[in-house]
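A look at the structure
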Amino acid sequence: MFDLAHAHLSLCRNQRDSTRSVDLINLDGRIESFHEWYEGFEELEAIPHSFAVKFVDGHTWLLYADTEQDKDRLLVLLSEAAGVIL
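I will try to describe carefully the structure that is included in this document. (Residues numbered from 1 in each chain as written. Predicted model: local features only at pLDDT ≥ 70, side-chain atom pairs only at ≥ 80, totals over all residues. Heavy atoms only, no water.)

1. As for the pattern of salt bridges
It is possible for side chains bearing opposite charge to pair when their charged atoms get close. Counted only if it meets this: Any Lys or Arg side-chain nitrogen located within 4 Å of an Asp or Glu carboxyl oxygen qualifies as a salt bridge. Numbering of helices and strands runs from the N terminus, with a helix taken as a DSSP run of H or I at least four residues long and a strand as a DSSP run of E at least two residues long. Exposure categories follow from relative accessible area, calculated using a 1.4 Å probe and restricted to protein chains: below 20% of the type maximum is buried, above 50% is exposed, and the middle band is partly exposed.
Within this structure, the stated rule accounts for four salt bridges. The salt bridge involving D57 is made with R30; its shortest N-O contact spans 3.6 Å. Of this pair, D57 sits in the loop between β5 (50-55) and β6 (60-64) while R30 is found in the loop between β3 (21-26) and β4 (31-35), placing the two residues 27 residues apart along the sequence. Note on D57: relative accessible area 43%, which makes it partly exposed. Residue R30 is classed as partly exposed on the basis of its relative accessible area, which comes to 29%. Note that R73 and D70 form a salt bridge whose closest N and O atoms lie 3.3 Å from each other. One end of the pair, R73, and the other, D70, are both in helix α1 (residues 68-82), three residues apart, so they sit about a helical turn from each other.

Here's what the structure looks like:
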């Protein structure tokens with residue numbers, strides 16, 4: 001479970017415990033780019049609705065959503081929070 005507000009991603013253990021964040025991540029200026037599996041992330045090919053997020057510090061997150069619509073929505077939210085143009 002996560003919440004995205006004011007360029008901060010708040011991670012929670014689950015939906016029932018969403019009042020206490022496990023971690024709070026500032027995304028403003030930290031995301032370099034977003035990638036599909038065929039852009040060098042072949043390990044994501046078998047995972048539907050997946051994508052990679054590359055950070056300016058060299059770290060990479062591999063993420064997925066339940067549906068293509070959820071993936072598109074998440075990409076838009078993350079890009080807006082981080083100030084990255086899709």
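Following the structure, the description resumes.
2. A look at unusual backbone geometry
Residue H49 is not a glycine yet carries a positive backbone phi of 60°. Take H49: it is sitting in the loop between β4 and β5. Among the residues examined, H49 registers a relative accessible area of 25% and is labelled partly exposed.

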